[in-house]
Amino acid sequence: MSDLDRLSLHVPEPAVRPGGEPDFSNVKIPKAGSVPRPEVDVAPEEIRDLAYSIIRVLNRDGEAVGPWAGLLSDDELLAGLRHMMTLRAFDARMLMAQRQGKTSFYMQHLGEEAVSCAFRKALNKGDMNFPTYRQAGLLIADGYPMVEMMNQIFSNESDPLRGRQLPIMYSSKEHGFFTISGNLATQYVQAVGWAMASAIKRDTKIAAAWIGDGSTAESDFHSALVFASTYKAPVILNIVNNQWAISTFQGIARGGSGTFAARGLGFGIPALRVDGNDYLAVYAVAKWAAERARRNLGPTLIEYVTYRVGAHSTSDDPSAYRPKTESEAWPLGDPVLRLKKHLILRGAWSEERHAQAEAEILDEVIQAQKQAEGHGTLHAGGKPSVRDIFEGVYAEMPPHIRRQRQKAGY
Amino acid sequence: MTNSRLTYREAVREALREALARDKRVFLMGEDVNRYGGAYACSLGLPAEFGDERVRDAPLSESAFVGAGIGAALGGMRPIVEIMTINFSLLALDQIVNSAATLRHMSGGQFSVPIVIRMATGAGRQLAAQHSHSLEGWYGHIPGIRVLAPATVADARRMLWPALEDPDPVIIMEHATLYNDEDELPADGDMSVDITKAATRRQGSDVTVIAHSACVKKALNAAEMLVGEGIDCEVIDLRILRPLDDETIIASVRKTHRAVVVDEAWRSGSLAAEISSRITEQAFYDLDAPVERVCGAEVPIPYPKHLEQAALPQPQSIAAAVRKAMRR
Ligand SMILES: Cc1ncc(C[n+]2csc(CCOP(=O)(O)OP(=O)(O)O)c2C)c(N)n1
Ligand SMILES: [Mg+2]
């Protein structure tokens, strides 16, 4: 035994730290169109490779290629582009509003717009998303009014949640958007339970669970996979790998498993990795998984490979933990620019129309903001009443809460 | 001896620095504690001094890094585990309550768990229902652990080392609204502190106001407001939530004959209820008025400031309770 070295602890480190040259040579990018598209009833063990590859449709030149291409019409793609541009403009305005003190806190989607915007289009009315705070595209792409989102962000008198939730933690049953939990990962296993209920009721609806790369370390993620696997629940298990969990690089949560998608393999769950910055690829893979769920074939795990271009939230400065130019070096490009290029190539779009759309969208967002600000912002104007905080704790207000409300003078 | 001015946050950092420097077995583990410095920037700069292995970002799993911390403590280390906020500690409750707190007892003394778990607690930063709990009373309920609640910069600086020397698990509750508080402390010299005793922060003769953590300041403010009305409050900072220092509390109540207990947590089943009960058990015949409680409204904490503050004890509501105890 004496010829063995003493033990030492392995602590994973990102490839580069601030001051260094950004380096994504460890992210292996297969050619667009090179990953096969299996039948939806394929045996999971036959597609283990898909957990280690990246499904891509749009190539460098903006062409849609390979077996996952060809699902969306010009009009559908133009709508998708508009959703992503709207989300981006919305984020930019709300970040500005946060700096002006109109809200205390904001989280943006910059670089990740394709994931939630394209996914929403693969679901039907009545299906339920259990999202994180970085999937507002699910709402935008489903037509949830921006004014409502802003009313909540500003916590004003028209806030649909009456000041009882954080600014961006939306909730809309009607739009298939479950109340966001600030405590990470809880929603993942709830989505599985919701899907199981759909199966128990012999309904036709399916669920979608959402989680970030970092949060997959939580126990709820693993428990969700156990339940999804055991009961073959009609659920899509989404992992958004945007490379960072606040300041912690994805290698800390991923450990030695190679990819996040590979987490599904031990559970016998088909697991696919997809280019999260490719609207067409995200849609195609989501559609494939949704069809599996609807045909009662069970869960599918999808890892979206993307990059969090902005800060984690308005309370974070990423220059402390990653090179400033890292986002420019990200090899999968920008989802808006890639779809734009594709649409121009198809002859369905042009630079001029794009610039015009940008201006129109900005105007829409500004109009919505004006309307919302008419109902107040965090520091001025209409506010929810103190009376509201005592409501909705229970379906019916018990006497002790009524007494506390009266004591508070309401 | 020179004094230095520092914030509560810097005090926590100095305490961490001292611990890492003094004992090779000490390491800090938690979410984003390395380059980011932790949710409240307490460990900022420490990785450069002590290395990534001793100031370590853990995978995002509270039950796992608390459990691994317990394992490391069993394995001879002196881990300091940071949990971003107390509500996330609920994911680690089984590890803390069923393991850390019971192992010495269950193993017939063979295993002890010298871990320190730090977490931010409390409301007041507009973080809404899921990030604003004051659950320290829950931890105060558990035999086998010690619970500290530094309310001052000095306590934030001094409590960590004795906590690490304690052979049993210690939880340190840092109130999220205190990190920017400032105070003068001796830059060197004796840093020792007794982590078994409550502290009397203001001497008074008419009524005893008992509080902990961020509510100590509110109680002191209320006491100042009442001076003009001729009411002289004694303010006690509990400091240690388990085991409670009955002696200091009861001695004060025997002197003033009146008590008001302030607790940011929800009223039903609160630490305030426990203290009120101890006063009636041990000093009933000394009381000139029923014990009053000022607690948080029993609702999930709302987001906008005016609603959040309406749900929490305030100097005004504390002063009102004191007047009631004084029959004014
Ligand atoms: C249980 C729990 N622990 C810690 C946190 C604090 N926290 C909020 S977001 C976050 C990082 C999440 O990263 P990831 O899952 O990758 O999602 P992303 O923000 O990148 O979309 C952390 C640690 C939390 N909200 N809940
Ligand atoms: Mg992430």
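Parameters at a glance
- Residues numbered from 1 in each chain as written.
- Chains lettered and ligands numbered in written order.
- Predicted model: local features only at pLDDT ≥ 70, side-chain atom pairs only at ≥ 80, totals over all residues.
- Heavy atoms only, no water.
- Contact = heavy atoms within 4.5 Å.
- Buried area = accessible area lost by both parts, 1.4 Å probe.
- Salt bridge = Lys/Arg side-chain N within 4 Å of Asp/Glu carboxyl O.
- Polar contact = N/O pair within 3.5 Å; in protein donor to acceptor, adjacent residues only side chain to side chain.
- Axes fitted to C-alpha atoms, helices over the stretch in contact; angles between N-to-C directions.
- Helix = DSSP H or I, 4+ residues; strand = E, 2+ residues; numbered from the N terminus.
- Parallel < 35°, antiparallel > 145°, perpendicular 65-115°, else oblique.
- Left-handed = near helix turned anticlockwise from the far one by under 90°.
- Buried < 20%, exposed > 50% of the residue type's maximum accessible area, 1.4 Å probe, protein only.
- Phe/Tyr/Trp six-rings, centres within 6.5 Å; stacked < 30°, edge-to-face > 60°.
- Lys NZ or Arg CZ within 6 Å of the ring centre and 35° of its normal.

*Asks:* Give me the interface of chain A and chain B: which residues, what numbers.
*Replies:* Tallying the contact residues gives 43 residues for chain A and 38 residues for chain B. Contact between chain A and chain B buries roughly 3,200 Å² in total, counting both sides, with carbon and sulfur atoms accounting for 57%. Per-residue buried area on chain A facing chain B is highest for A:N183, A:E218 and A:I389; these three make up 17% of the total on that side. The interface formed by chain A and chain B includes 0 salt bridges. At the junction of chain A with chain B, the criterion picks out 13 residue pairs in polar contact (both at pLDDT 80 or more).

*Asks:* So what about the packing of helix α1 (residues 74-99) of chain A against helix α4 (residues 146-153) of chain A? Which residues, and what values?
*Replies:* Residues and elements named next belong to chain A. In the contact formed by α1 and α4, the axes pass within 12 Å of each other and the chain directions differ by 25°. Between α1 and α4, the interaxial angle falls into the category roughly parallel. For the element pair α1 and α4, the recorded crossing hand is right-handed. Contact with α1, carried on its side by T86, F90 and M94, involves M146, M149, M150 and I153 of α4 and no other residues of that element.

*Asks:* Before we move on, can you summarise helix α2 (residues 113-120) of chain A with the specific residues and values?
*Replies:* Within α2(A), 8 of the 8 residues are buried, which leaves the element mostly enclosed by the surrounding structure. All of the buried residues along α2(A) are A:E113, A:A114, A:V115, A:S116, A:C117, A:A118, A:F119 and A:R120.

*Asks:* Explain the packing of aromatic side chains to me, and be specific about the residues and the numbers.
*Replies:* Each aromatic ring pair is specified by the distance between its two centres and by the angle formed by the two planes. Residues and elements named next belong to chain A. By the definition in use, this model includes 15 aromatic pairs over all chains. Ring geometry for W244 and Y321: centres 5.3 Å apart, planes at 50°, overall tilted. Placement of the pair is W244 in strand β4 (residues 244-245) and Y321 in the loop between β7 (300-305) and α9 (326-329), with a sequence separation of 77 residues. Take W244 and Y321: they sit in the same class, and that class is buried. Through successive ring pairs, a cluster of aromatic residues spans F24, Y307 and W330. Above the face of the W68 ring, R37 is positioned so that its terminal group lies 5.4 Å from the ring centre.

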